[in-house]
Amino acid sequence: MNQVVKTILYSIILIITNFKIFSQGVILESKDDLISNGAEIYDQSDFGLKLGFLQEKIPENYSMRKYAPPPRRQKGGTCVGFSTAYSTLSTIYNVAFDISDDMLKYATSFDPYFVYSLIKEEEDFSCRQGLFMSDALNLLKKVGVKKFSMPPYFQCESKLDPTKIDIIKEYSKNYKID
């Protein structure tokens, strides 16, 4: 085999191996599971119209980076909590209140470990188990989410105290999604 082909082959194997090693957290659902959870499946031809976009040309790109919370190191399989609570909801909140200062974005961010801790298996103290995105979205609809800066502070190894959870739910209900 030619050296270039070998290099490309080894590179592809390395990328696939690393992707498998470092990709964790989200458990993908089948199309039937998505539909049974209330998701609507759109035909690509009418996708924009059904979601409320005008027929006018949509910009090719638009950045909300100035509103996004600063990157944080996530532990284990918590990417569903990070993608829903920390990244998405924090950005939406910052856009709504025009928060673009880095310290304020950090201070007003939402807690991904709250989402993970309320959904994970009770014995998963190392955050190795992934989550279904629909479970996180249902939690955000029913319970809401707490701010990262509000106690109690959750981590992967957090053991949930039912009395504290009830207190947090009083606070988190202000941050539910529709």
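Structural data are supplied above this passage.
This structure is a prediction, so every number in the text was calculated from the model and none was measured.

Q: Would you take a moment to explain a nonpolar patch on the surface for this structure?
A: On the surface, Y62, M64 and V95 cluster together to form a nonpolar patch covering roughly 330 Å² of accessible area. As for its position among the elements, V95 is in helix α4 (residues 79-96).

Q: Just checking my understanding: could you explain the layout of surface pockets for this structure?
A: Each pocket or cavity is described by its volume, and for the largest pocket that value is around 220 Å³. Around the largest pocket, the lining residues are E29, L34, N37, G38, A39, M133, S134, L137, N138, K141 and I177.

Q: Help me understand the packing of aromatic side chains, please; the structure alone is not making it clear to me.
A: The relation between two aromatic rings is expressed through the spacing of the ring centres and the mutual angle of the planes. Counting across every chain of the model gives eight aromatic pairs. Arranged with centres 5.7 Å apart and planes meeting at 90 degrees, the rings of Y93 and F110 form a pair that is edge-to-face. With a gap of 17 residues between them, Y93 in helix α4 and F110 in the loop between α5 (102-107) and α6 (112-119) connect regions that are remote in the sequence. Of the aromatic side chains, those joined through ring pairs into one cluster are Y93, F97, F110, Y171 and Y175.

Thresholds, definitions, all that
- Residues numbered from 1 in each chain as written.
- Predicted model: local features only at pLDDT ≥ 70, side-chain atom pairs only at ≥ 80, totals over all residues.
- Heavy atoms only, no water.
- Patch = residues over 30% accessible without salt bridge, like charges linked within 9 Å, V, L, I, M, F, W, Y side chains within 5 Å.
- Areas by Shrake-Rupley, 256 points an atom, 1.4 Å probe, with all protein chains shown as cover.
- Salt bridge = Lys/Arg side-chain N within 4 Å of Asp/Glu carboxyl O.
- Helix = DSSP H or I, 4+ residues; strand = E, 2+ residues; numbered from the N terminus.
- 1 Å grid on protein atoms, 1.4 Å probe; cavity = no way out; pocket = protein on both sides within 12 Å on 5 of 7 lines; lining within 4 Å.
- Points joined across faces, edges and corners; volume = space filled by probe spheres on them.
- Phe/Tyr/Trp six-rings, centres within 6.5 Å; stacked < 30°, edge-to-face > 60°.

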